[in-house]
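# Residue-level structural notes
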Amino acid sequence: MALNTTYNARLLRQETAAGAGVQLLLLTLLGASLGLGPAGWLTGLAFAAVTWAVLTRAVSRSWLSSFGPANRVTLARATLVGGVTALVADSFTSPPRVAVLTALTAVALILDAVDGQVARRTGSSSALGARFDMEVDAILILVLSVYVATALGPWVLLIGGMRYAFVAAARFLPWMNAPLPHSMARKTVAALQGVALLLAATGLLPAPATLGVVLLALTSLVWSFARDIGWLWTTGKATRAEQRPAPTAVARVTHLARPVPRVTTEDGPLPARSA
């Protein structure tokens with residue numbers, strides 16, 4: 001049993017290392033074909049290193065028997081997101097490679113709809129896979145919002161930063177850590193963010209249309225977060241009320257046994273009222 005567990009852990013680490021290797025290969029291809037500058041290279045390498053380290057630590061603690069086909073699809077998405085991140089960083093020091101950036105983003109968004117189906121059909125769903133998928137989504141939206149913000153203004157960063165602000169607030173407000181119920185509306189709004197930012201990144205739409213699409217995405221995201229926070233607050237308040245201890249029998253008896261105050265007049269205290 002110990003040998004089997006060691007073998008599985010080694011196999012999982014090999015898969016994450018292979019993912020890092022593919023990430024380096026993609027950066028090499030981008031560098032050779034587009035001439036990535038230092039900013040793109042450093043950002044891409046940092047992304048690959050952090051992804052490999054965090055994912056290796058996560059799979060080592062997950063006790064999975066195999067990485068699974070769905071996680072491999074998500075790892076491919078993470079590789080593409082690393083390429084997008086490198087291109088966005090490079091766009092601050094050189095003309096943006098819009099065609100390649102939007103192509104990588106489009107494939108990453110398409111694969112986002114694939115990994116969940118693969119997990120369900122192969123029975124390889126796991127808590128690690130769900131968290132991995134969510135983090136890759138969040139990073140892609142953050143990176144795209146940084147890129148679009150250079151054209152529309154810093155307010156676009158609210159789209160990419162709202163999820164991280166929610167996570168930070170949950171560290172100080174425990175009631176925000178409760179699991180949320182399944183919601184198709186939440187999934188639709190999350191998917192809309194990537195599509196809207198992709199459309200804005202292409203530069204194909206007129207400026208007013210681009211502004212309207214991104215504003216619509218931000219408005220829907222604010223509504224979605226407000227709805228979830230309201231649900232968490234209401235549910236947490238009800239839970240806290242149920243957990244509040246009821247007065248004990250001794251406390252009730254003590255309360256009833258309190259002496260009745262006597263009213264004093266000039267002629268002396270009034271007699272207590274008979275029942």
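Quantities reported herein were computed from a predicted structural model and do not represent experimental measurements.

Along the chain, the regular secondary structure elements total nine helices and two strands. For the chain, the succession of helices and strands along the chain, N to C, is α-α-α-α-α-α-α-α-α-β-β. The buried share of the chain, taken over its 275 residues, is 35%. Pairs at least 24 residues apart make up 78% of the contacts formed inside the chain by residues separated by at least 6 positions. For the chain, the exposed surface amounts to about 16500 Å²; the carbon and sulfur share of it is 70%.

End to end, helix α3 (residues 69-90) covers 32 Å across 22 residues, agreeing with the expected 32 Å (1.5 Å per residue, within 8%). Counting buried positions along α3 yields 19 of 22 residues, so the element is predominantly enclosed.

Moving on, we come to helix α4 (residues 98-122). For α4, built from 25 residues, the straight-helix expectation of 36 Å at 1.5 Å per residue is met to within 8% by its first-to-last C-alpha distance of 36 Å. At D112, α4 shows its strongest bend, of approximately 25°. If you follow the buried residues of α4, they end up packed against α3, α5 (127-152) and α7 (184-202). At the exit of α4 stands G123, carrying a positive phi of roughly 65°.

Counting 48 residues, the largest nonpolar core has V84, V148 and I159 as the members making the most contacts within it. Within the residue set of this core, elements represented by two or more residues are α1 (2-34), α2 (38-62), α3, α4, α5, α6 (157-172), α7 and α8 (207-243). The greatest single-element share of this core, amounting to 10 residues, is contributed by α5. Ignoring any residue separated from it by four or fewer positions in sequence, one finds V84 in contact with L101, L104, T105, L140, V143 and L144.

Within the secondary structure, T79 is located in helix α3. Once you skip the residues sitting within four places of it in the chain, T79 turns out to touch G19, V22, Q23 and L26.

Quick look at the pattern of salt bridges now. As enumerated under the stated definition, the model contains nine salt bridges in all. One salt bridge in this structure joins D137 and R77, with 2.2 Å as the shortest N-O distance. Highlighted residues: D137 in helix α5 and R77 in helix α3, separated in sequence by 60 residues. With a shortest N-O distance of 2.8 Å, E135 and R131 are connected by a salt bridge. With E135 and R131 both in helix α5 and four residues apart, the pair spans about one turn of that helix. For E135, a relative accessible area of 21% puts it in the partly exposed group.

To continue, consider the packing of aromatic side chains. The tally for this structure, following the rule as stated, stands at two aromatic pairs. An angle of 55° between the planes, with centres 5.7 Å apart, marks the rings of F166 and F225 as tilted. Residue F166 is located in helix α6, and its partner F225 is located in helix α8; the two are separated by 59 residues in the primary sequence. Taken individually, F166 and F225 each receive the classification buried, so the pair is uniform in this respect. With a centroid separation of 5.3 Å and an interplanar angle of 75°, the aromatic rings of W175 and W233 are classed as edge-to-face. With W175 in the loop between α6 and α7 and W233 in helix α8, this pair connects stretches of sequence that are 58 residues apart.

Attention now goes to the environment of V222. Among the structural elements, V222 can be located in helix α8. Given a relative accessible area of 42%, V222 falls into the partly exposed group. Separated by 63 residues in sequence, V222 and I159 place their C-alpha atoms 8.7 Å apart.

A grouping of V195, L199 and L205 is seen on the molecular surface, where their side chains present a nonpolar patch of about 210 Å² in accessible area. One can find L199 in helix α7. Judged by relative accessible area, which is 36%, L199 ranks as partly exposed.

What follows concerns the packing of α3 against α5. Where α3 meets α5, the closest approach of the two axes is 10 Å, and the angle between their N-to-C directions is 20°. One finds that α3 runs roughly parallel with respect to α5. Once α3 is placed against α5, the crossing between them reads as left-handed. Residues N71, T74, L75, R77, A78, V81, V84, T85 and V88 of α3 form the contact with α5, whose own contacting residues are G129, F132, D133, V136, D137, I139, L140, V143, L144, V146 and Y147. For the contact of α3 with α5, the residue count by class is 13 nonpolar, four polar and three charged.

Procedures and definitions
- Residues numbered from 1 in each chain as written.
- Predicted model: local features only at pLDDT ≥ 70, side-chain atom pairs only at ≥ 80, totals over all residues.
- Heavy atoms only, no water.
- Helix = DSSP H or I, 4+ residues; strand = E, 2+ residues; numbered from the N terminus.
- Buried < 20%, exposed > 50% of the residue type's maximum accessible area, 1.4 Å probe, protein only.
- Contact = heavy atoms within 4.5 Å.
- Areas by Shrake-Rupley, 256 points an atom, 1.4 Å probe, with all protein chains shown as cover.
- Expected span 1.5 Å × (residues − 1).
- Bend = angle between axes of the 7 residues up to and from the residue.
- Core = buried A, V, L, I, M, F, W, Y, C linked by side-chain atoms within 4.5 Å.
- Salt bridge = Lys/Arg side-chain N within 4 Å of Asp/Glu carboxyl O.
- Phe/Tyr/Trp six-rings, centres within 6.5 Å; stacked < 30°, edge-to-face > 60°.
- Patch = residues over 30% accessible without salt bridge, like charges linked within 9 Å, V, L, I, M, F, W, Y side chains within 5 Å.
- Axes fitted to C-alpha atoms, helices over the stretch in contact; angles between N-to-C directions.
- Parallel < 35°, antiparallel > 145°, perpendicular 65-115°, else oblique.
- Left-handed = near helix turned anticlockwise from the far one by under 90°.
- Nonpolar A, V, L, I, M, F, W, Y, C, P; charged D, E, K, R; others polar.

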